[in-house]
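Each chain, letter by letter, is given below.
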Amino acid sequence: GCQAYRGDRVGRTRSRRRPDPGARLAQGICLVSGDAASRPQSRLSWFDEAAANLGLAVPIAIGFLAQMAMVFVDNIMVGRLGAPSLAAGGLGANLLFTPILLGMGVLGGIGAVAAQAYGAGDLAKVSTTGRQGLRLALALTLPCVGVLVGLVLLLPWLGYDHSTVRMAQGLLLWGLPGVPAALAFMALRYFVIALSRPRVVTVVTILSIGATALFNYLFVYGGFGAPRLGVAGVGLSGSIVGWLQFL
């Protein structure tokens, strides 16, 4: 049918004759049949793309939930020290996370550049992007630490209770050593996700929940003979976990 129509169409074009209604009907049938034949393949391609997207999205979502679980563990363990300690811990943790969050926004470009290079098969550029991401994380450490030191000095002038300020300052000071590790880990996180391997980050973050609970027990409560730092122990615990995540 379609072959005969095509042959008839060529012959009619050569002879410059106008196609009759039967030829137009045959053309419509061929177009409809071709579209119908392509639909199953398009539908299969859509399902494949959806499965690939879910394969990336689900581990990333679990990783973010694990990150939230680490904060939940901090709040639960500090809450046992009393309401003033919980208030100081929340204040210090939020102040500590704010400059790191800004650094994360800058580091987010690593994923876009690495994904584009990986999709294009430019492995040299992929490797260069990973190294440049770590250098960028190191460069961002200085301004982030500077902001945190400024907050430590500014806290007594913000009208908070003296004991709350003292505990929050302790958390910030013990959390400073973990800033470069946190930024470097985020750079690696964006890079690995761009290479379609988010499960590595997810596993590391899930394991960090247990590590956070362990080090909080050691330094918040003074478990196993470790120094009892109270709220400040959350900052030290976060620094240690941050370096373990990066390494």
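Residues numbered from 1 in each chain as written. Predicted model: local features only at pLDDT ≥ 70, side-chain atom pairs only at ≥ 80, totals over all residues. Heavy atoms only, no water.

Student: Just checking my understanding: could you explain the overall build of the chain for this structure?
Tutor: Scanning the chain for helices and strands turns up 9 helices and 0 strands. For the chain, the residues scored as buried account for 36% of the 247 residues in total. When contacts within the chain are restricted to residue pairs at least 6 apart in sequence, those whose partners lie at least 24 apart make up 72%. In the structure as shown, the chain presents an accessible area of about 14,500 Å², 68% of it carried by carbon and sulfur atoms. (Helix = DSSP H or I, 4+ residues; strand = E, 2+ residues; numbered from the N terminus. Buried < 20%, exposed > 50% of the residue type's maximum accessible area, 1.4 Å probe, protein only. Contact = heavy atoms within 4.5 Å. Areas by Shrake-Rupley, 256 points an atom, 1.4 Å probe, with all protein chains shown as cover.)

Student: Can you walk me through a nonpolar patch on the surface in this structure?
Tutor: On the surface, a cluster of nonpolar side chains totalling about 340 Å² of accessible area is made up of Leu54, Val58, Ile62 and Ile206. When residues in the nonpolar patch are grouped by element, the largest group, 3 residues, is from helix 2 (residues 21-79). For isoleucine 62, the position within the fold is in helix 2. Here isoleucine 62 falls in the partly exposed class, since its relative accessible area comes to 38%. (Patch = residues over 30% accessible without salt bridge, like charges linked within 9 Å, V, L, I, M, F, W, Y side chains within 5 Å. Salt bridge = Lys/Arg side-chain N within 4 Å of Asp/Glu carboxyl O.)

Student: Can you help me understand the layout of surface pockets in this one?
Tutor: Reported here for the largest pocket is a volume of approximately 900 Å³. Taken together, 36 residues line the largest pocket, and the ones lying closest to its centre are Gln67, Met70, Val71, Asp74 and Phe97. Elements with a minimum of two residues in the lining of the largest pocket: helix 2, helix 3 (83-107), helix 6 (162-175), helix 7 (179-194), helix 8 (199-219) and helix 9 (232-246). The element that contributes the greatest number of residues to the lining of the largest pocket is helix 3, accounting for 10 residues. Looking at the lining of the largest pocket, its residues break down into 19 nonpolar, 15 polar and 2 charged. (1 Å grid on protein atoms, 1.4 Å probe; cavity = no way out; pocket = protein on both sides within 12 Å on 5 of 7 lines; lining within 4 Å. Points joined across faces, edges and corners; volume = space filled by probe spheres on them. Nonpolar A, V, L, I, M, F, W, Y, C, P; charged D, E, K, R; others polar.)

Student: How should I be thinking about the environment of leucine 86 in this particular structure?
Tutor: Structurally, leucine 86 can be placed in helix 3. Leucine 86 sits 11 residues away from asparagine 75 along the chain, and the two C-alpha atoms are 6.8 Å apart. Excluding its chain neighbours within four sequence positions, the residues that come into contact with leucine 86 are Asn75, Val78 and Gly79.

Student: Quick question: what am I supposed to make of the environment of glutamine 116 here?
Tutor: The residue glutamine 116 is located in helix 4 (residues 109-119) in this model. As a C-alpha pair, glutamine 116 and alanine 194 span 78 residues in sequence and 8.5 Å in three-dimensional space.

Student: Could you clarify how one ought to interpret the confidence of the model for the chain in this entry?
Tutor: Low pLDDT marks regions whose predicted coordinates should not be analysed in detail. Confidence in the prediction of the chain, expressed as mean pLDDT, is 85, and 82% of residues score 70 or more. With pLDDT under 50 throughout, residues 2-17 is counted as low confidence; its partners more than four residues away or in other chains account for 10 contacts. Low pLDDT, under 50, characterises residues 28-39; the stretch is placed with 2 contacts to residues that sit more than four places away or in other chains. (pLDDT = per-residue confidence, 0-100.)

Student: So what exactly am I meant to see when it comes to the packing of helix 3 against helix 5 (residues 123-154) here?
Tutor: A pair of packed helices is characterised by two quantities: the angle between their axes and the separation of those axes. It is the contact of helix 3 with helix 5, at a shortest axis distance of 9 Å, that shows an interaxial angle of 155°. With respect to each other, helix 3 and helix 5 are oriented roughly antiparallel. Two packed elements cross with a definite hand, and for helix 3 against helix 5 that hand is right-handed. Residues Leu95, Leu96, Pro99, Gly103, Val106 and Leu107 of helix 3 form the contact with helix 5, whose participating residues are Gly133, Leu136, Ala137, Leu140, Cys144, Val147, Leu148 and Leu151. In terms of residue class, the contact of helix 3 with helix 5 is made up of 12 nonpolar, 2 polar and no charged. (Axes fitted to C-alpha atoms, helices over the stretch in contact; angles between N-to-C directions. Parallel < 35°, antiparallel > 145°, perpendicular 65-115°, else oblique. Left-handed = near helix turned anticlockwise from the far one by under 90°.)

Student: Whenever I open this one, the side chain of asparagine 216 confuses me. Can you help?
Tutor: Among the secondary structure elements, asparagine 216 is positioned in helix 8. A relative accessible area of 0% places asparagine 216 in the buried class. The contact partners of asparagine 216, leaving out residues within four places of it in the chain, are Val73, Asp74, Met77, Tyr221, Gly233, Val234 and Ser237.

Student: What's the story with the nonpolar core in this structure? I'm lost.
Tutor: The nonpolar side chains of a soluble globular protein tend to be buried with one another. Judged by nonpolar contacts, the single largest core of 41 residues is most densely connected at Leu107, Leu148, Leu155, Leu172 and Leu183. Looking at this core, the elements that each hand over two or more residues are helix 2, helix 3, helix 4, helix 5, helix 6 and helix 7. Per-element tally for this core: the top contributor is helix 7, with 8 residues. Leave out the neighbours within four places in its chain, and leucine 172 touches Gly92, Leu95, Leu96, Leu148, Val152 and Leu155. Counting residues in hydrophobic clusters, the runner-up holds 8 residues, among them Ala211, Phe215, Leu218 and Ala226. (Core = buried A, V, L, I, M, F, W, Y, C linked by side-chain atoms within 4.5 Å.)

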